[in-house]
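Listed below, chain by chain, are the residues.
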Amino acid sequence: MAMYTLFLLSGQSTGVLLGRLYYDKGGKSKWLGTLVNLVGFPILLPYYFISSPKNPTTNTITIHSNPPSTLTLALVYVSLGLLVAADCFLYSTGLMYLPVSTYSLICASQLAFNAFFSFFLNSQKFTPFILNSLVLLTISSILLVFETDSSSDSSGVSKGKYVIGLICTIGASAGYGLVLSLTQLAFRKVIKKETFRVVMDMIVYQSLVATFATL
């Protein structure tokens, strides 16, 4: 878990900085920025050769029932993949028009959207820690709206493009929260198991669909 957290934080931070550097150095293609967010999934393919443990841990969820049909799985992968592609495009657009600090702060609102969608789709309970985070993120987003003028002037971006960046980044955060909740719902209601192999299939096929959609 510690290694996963380290890779996640370092990967996201590095990706945001490199994306901002691309635009600062004259890059104009939002589709290229979107594609770069998606094409890294083949690095996970060697993990298919890792055998699953014979005694599943408590994190492995399996419900004994008939497996879903190939068509059902394909619909799940295609639907989620298209959502991921659209979400990455919104992220790329937001990063193009916003400073890194503003962009990163808005992206943190994903926690609020994730909690919102999980409440309705996954029966997630609201805890005091989640409510406290939601309040803080809401206040931060409101403050960013009032700072639009000064931030857009200092970054050399017009007010209109700055607002577009805000809307796209907020929409991307909401979209990603929805994708995570829908993915968990698919594991629970459609696939009905959550083994290592099944999770890998979800990541790889979802990313493959999103990559082809971007191309």
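Position numbers for residues start from 1 in each chain and track the written sequence from start to end. Where local features are concerned, this predicted model is filtered to residues with pLDDT of at least 70; where side-chain atom pairs are given and counted, the filter is 80 or more; whole-chain, interface and lining totals use all residues. Computation of side-chain values: all heavy atoms of the structure, hydrogens and water removed.

1. Focus on the confidence of the model for the protein
Okay, step 1: The predicted model of the protein averages 83 in pLDDT, with 84% of residues at 70 or higher.
Okay, step 2: When pLDDT is averaged over each helix and strand of the protein, the minimum, 52, is found for strand β1 (residues 61-62) and the maximum, 95, for helix α3 (residues 70-97). pLDDT measures the predictor's confidence residue by residue and takes values from 0 up to 100. A run of H or I in DSSP counts as a helix once it spans at least four residues, and a run of E counts as a strand once it spans at least two, with each numbered from the N terminus.

2. Let's talk about the pattern of salt bridges
Okay, step 1: We define a salt bridge as a contact between a side-chain nitrogen of Lys or Arg and a carboxyl oxygen of Asp or Glu at a distance within 4 Å. Counted by the stated rule, this structure contains two salt bridges.
Okay, step 2: Put simply, D24 and R20 hold a salt bridge, and the shortest N to O gap is 3.0 Å. On the criterion of helical spacing, the pair formed by D24 and R20 is a turn pair, its members being four residues apart in helix α1 (residues 2-24).
Okay, step 3: Each residue gets one of three labels from its accessible area relative to the maximum for its type: buried under 20%, exposed over 50%, partly exposed in between, using a 1.4 Å probe on protein chains only. By relative accessible area, which is 52% here, D24 ends up exposed.
Okay, step 4: Judged by relative accessible area, R20 falls into the buried class, the value being 14%.
Okay, step 5: Among the salt bridges present, the one from R197 reaches D201, with a minimum N-O distance of 3.9 Å. Of this pair, R197 and D201 are both found in helix α9 (residues 196-214), four residues apart, which corresponds to roughly one turn of the helix.

3. Some remarks on α1
Okay, step 1: What a helix is expected to span follows from its residue count: subtract one and scale by 1.5 Å. A rise of 1.5 Å per residue sets the reference length of α1, with its 23 residues, at 33 Å; its end C-alpha atoms lie 33 Å apart and thus fit the reference within 8%.
Okay, step 2: Turning to α1, its buried residues number three or more, namely V16, G19, R20 and Y23.
Okay, step 3: As for α1, its buried residues are in contact with α2 (30-36), α3 and α4 (100-107).
Okay, step 4: One or two steps after α1, the chain reaches G26, where phi turns positive at roughly 105 degrees. Note on definitions: a residue-residue contact is assigned when non-hydrogen atoms from the two residues lie within 4.5 Å.

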